[in-house]
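Spelled out, the chains give:
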Amino acid sequence: MNKCVVISGGVFYKSDLNEIKDSFIICADSGYKHALKYNIKPNLLVGDFDSIEEIPDNIEIKKLNPIKDETDTFEAIEEGILRGFKEFILLGALGKREEHAIANISLLIYLKNRGFAGKIVQNGKTFVVLKDESIRLDKRKNGYFSLFSLSATCDGVSIKNAKYELERATLTQDFPLGIDNEFINLSPEISIKNGTILLIY
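Residues numbered from 1 in each chain as written. Predicted model: local features only at pLDDT ≥ 70, side-chain atom pairs only at ≥ 80, totals over all residues. Heavy atoms only, no water.

Novice: Please give an account of the state of the cysteines that cites residues and values.
Specialist: Counting across every chain of the model gives zero disulfides. With no disulfide partner, Cys27 has as its closest neighbouring cysteine sulfur the one in Cys4, 10 Å distant. (Disulfide = S-S within 2.5 Å.)

Novice: Kindly report on the side chain of Glu75, identifying the contributing residues and their values.
Specialist: Its place among the elements puts Glu75 in helix α2 (residues 72-82). Buried within the structure, Glu75 lacks any salt-bridge partner; Lys62 is the closest side chain of opposite charge, at an N-O distance of 4.5 Å. Residues within four places of Glu75 in sequence aside, it is in contact with Val46, Lys62, Leu64 and Glu70. (Helix = DSSP H or I, 4+ residues; strand = E, 2+ residues; numbered from the N terminus. Buried < 20%, exposed > 50% of the residue type's maximum accessible area, 1.4 Å probe, protein only. Lys, Arg positive; Asp, Glu negative; His and termini not counted. Salt bridge = Lys/Arg side-chain N within 4 Å of Asp/Glu carboxyl O. Contact = heavy atoms within 4.5 Å.)

Novice: Lay out the pattern of salt bridges in plain terms, naming residues and giving numbers.
Specialist: Inspection of the entire model under this criterion finds eleven salt bridges. For Lys119, the salt bridge goes to Glu19, with nearest N and O atoms at 4.0 Å. With Lys119 in strand β6 (residues 117-122) and Glu19 in the loop between β1 (3-7) and β2 (24-28), the pair connects residues that are 100 residues apart, well separated along the chain. Put simply, Lys163 and Glu182 hold a salt bridge, and the shortest N to O gap is 3.6 Å. Here Lys163 is found in the loop between β10 (153-160) and β11 (166-172), whereas its partner Glu182 is found in strand β12 (residues 181-182), with 19 residues between them in sequence. With relative accessibility at 45%, the residue Lys163 sits in the partly exposed group.

Novice: So, the packing of α2 against helix α3 (residues 98-113): which residues are in play, and what are the values?
Specialist: Relative orientation and spacing of two packed helices are given, respectively, by the angle between their axes and the distance between those axes. For the pair α2 and α3, interaxial distance at closest approach is 10 Å and the crossing angle is 25 degrees. Here α3 runs roughly parallel to α2, going by the angle between their axes. Crossing handedness for the pair α2 and α3: right-handed. Along the contact surface, α2 presents Thr73, Phe74, Ile77, Glu78 and Ile81, while α3 presents Asn104, Leu107, Tyr110 and Leu111. Along the lines of polarity and charge, the residues of the contact of α2 with α3 split into six nonpolar, two polar and one charged. (Axes fitted to C-alpha atoms, helices over the stretch in contact; angles between N-to-C directions. Parallel < 35°, antiparallel > 145°, perpendicular 65-115°, else oblique. Left-handed = near helix turned anticlockwise from the far one by under 90°. Nonpolar A, V, L, I, M, F, W, Y, C, P; charged D, E, K, R; others polar.)

What is shown is where atoms sit, not what they do.
Structure, rendered in structure tokens:
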């Protein structure tokens, strides 16, 4: 068991269950409702539990003060880090409340800046942050992927093996040049020389 799955209280799809196998599962507050619905036995519950009617007594619990600066999902990630995990998958992290969706995307940056692997998965779509690095995606016959600059500028952005290729381009926060690229039955290669990017595929 080398990965930590954090289940939050956003929208959760049955297909997201594929990410749970062989993982340490932390439910962040109302994420426990998803666990109950799909018969998931979490290893730990973290939260102030203002969204749960009944707190179980057969699961380890970390109860938080409801007056706090950090979100329950942030605290769940911190607890996972303390327990030695290096890879984090966030489920139920999007939908319902837009501000929490943005907060959870910012947590991907938090993990990346501290040397941890993190991604949000929702209904077959993956959100991951890249920083000064390269990635190769699995081959798909069709479908879309998008890049959004999270830093003021991202320099030296190159894309190969996709419908729209780039060579050492600059992406900026205020122009969505990287939206809706297409898979063409090849394995796209994406590289960023300098900057932080959100990749959605």
